[in-house]
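Each chain, letter by letter, is given below.
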Amino acid sequence: QVQLVESGGGLVQAGGSLRLSCTPSGRTVISQYTMGWFRQAPGKEREFVAGINWSGDRIAYADSVKGRFTISRDNAKNTVYLQMNSLKPDDTGVYYCAADGQYITVARLPHSYNYWGQGTQVTVSS
């Protein structure tokens with residue numbers, strides 16, 4: 001089973017930036033997976049943030065983050081990134097990395113993803 005580990009979360013002031021990273025543990029490689037980022041605030045549903053297919057030619061963003069966040073992947077480093085700029089308090093939540101064996105397309109629904117990390121907290125202060 002794929003195991004994913006997120007890092008890079010923390011506390012940042014509004015307008016600041018963070019870069020999240022996601023890597024698999026063990027021998028798993030992500031080159032044949034669509035990778036996604038989701039977030040969940042307390043009392044809220046888990047929501048799609050961004051996704052990228054295996055080759056990087058299909059990328060999707062939630063409307064709320066479009067123009068501010070950038071998802072990228074480096075298959076050679078076996079890592080997926082989420083660069084978050086111009087952060088807002090509404091961006092606060094636990095950010096999860098996910099992997100989908102449907103590697104050509106990018107899905108927006110959480111149930112489309114098979115493997116998940118444990119999440120990293122992102123807190124944006126006013």
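Everything numeric here is computed off the predicted structure, so don't read it as measured data. (Residues numbered from 1 in each chain as written. Predicted model: local features only at pLDDT ≥ 70, side-chain atom pairs only at ≥ 80, totals over all residues. Heavy atoms only, no water.)

Draft legend 1. Main features of the environment of Y61. Among the secondary structure elements, Y61 is positioned in strand β6 (residues 59-61). Classification of Y61 as buried rests on a relative accessible area of 16%. A C-alpha to C-alpha distance of 6.6 Å links Y61 and G51, two positions ten residues apart in sequence. What Y61 contacts, discounting residues up to four positions off in sequence, is F48, V49, A50, K66, F69, T70, I71 and R108. One polar contact links the side chain of Y61 to the main-chain amide nitrogen of I71, over a distance of 3.0 Å. (Helix = DSSP H or I, 4+ residues; strand = E, 2+ residues; numbered from the N terminus. Buried < 20%, exposed > 50% of the residue type's maximum accessible area, 1.4 Å probe, protein only. Contact = heavy atoms within 4.5 Å. Polar contact = N/O pair within 3.5 Å; in protein donor to acceptor, adjacent residues only side chain to side chain.)

Draft legend 2. Up close: the pattern of salt bridges. All chains considered together, the criterion is met by four salt bridges. With its nearest N and O atoms 2.8 Å apart, the salt bridge here joins R39 to D91. Residue R39 is found in strand β4 (residues 34-40), and its partner D91 is found in the loop between β8 (79-84) and β9 (93-100); the two are separated by 52 residues along the sequence. Each member of the pair, R39 together with D91, is buried. D91 is the partner of R68 in a salt bridge, and the nearest nitrogen-oxygen pair spans 2.8 Å. Placement of R68 in the loop between β6 and β7 (69-74) and of D91 in the loop between β8 and β9 is noted, with a sequence separation of 23 residues between them. (Salt bridge = Lys/Arg side-chain N within 4 Å of Asp/Glu carboxyl O.)

Draft legend 3. Representation of the sheet that holds strand β3 (residues 18-24) in the model. The strand order across the open sheet formed by four strands is β1-β3-β8-β7, and the pairing between neighbours is antiparallel. Either end of the sheet is taken by a strand with one partner, and the two such strands are β1 (4-7) and β7. In this sheet, neighbouring strand axes are inclined to one another by 15° on average, regardless of whether the strands run parallel or antiparallel. Examined bridge by bridge, β1 and β3 share four bridges and lie antiparallel to one another. Within β3, the position partnered with L4 by the bridge is P24. (Pairing = 2+ DSSP bridges. Axes fitted to C-alpha atoms, helices over the stretch in contact; angles between N-to-C directions.)

Draft legend 4. Geometry of the pairing of β4. Summarising burial for β4: six of the seven residues are buried, a large majority. Of the pairings in the sheet, the one linking β4 to β9 comprises seven bridges and is antiparallel in character. Across the sheet, residue F38 finds its bridge partner in β9, namely Y96. Where β4 meets strand β5 (residues 47-52), five bridges bridge the pair, whose relative direction is antiparallel. Considered in β5, the bridge of R39 is made with E47. In sequence, β4 turns back onto β5 through a hairpin of six residues, with G43 there showing a positive phi of about 75°.

Function cannot be inferred from these measures alone, as they are strictly geometric.
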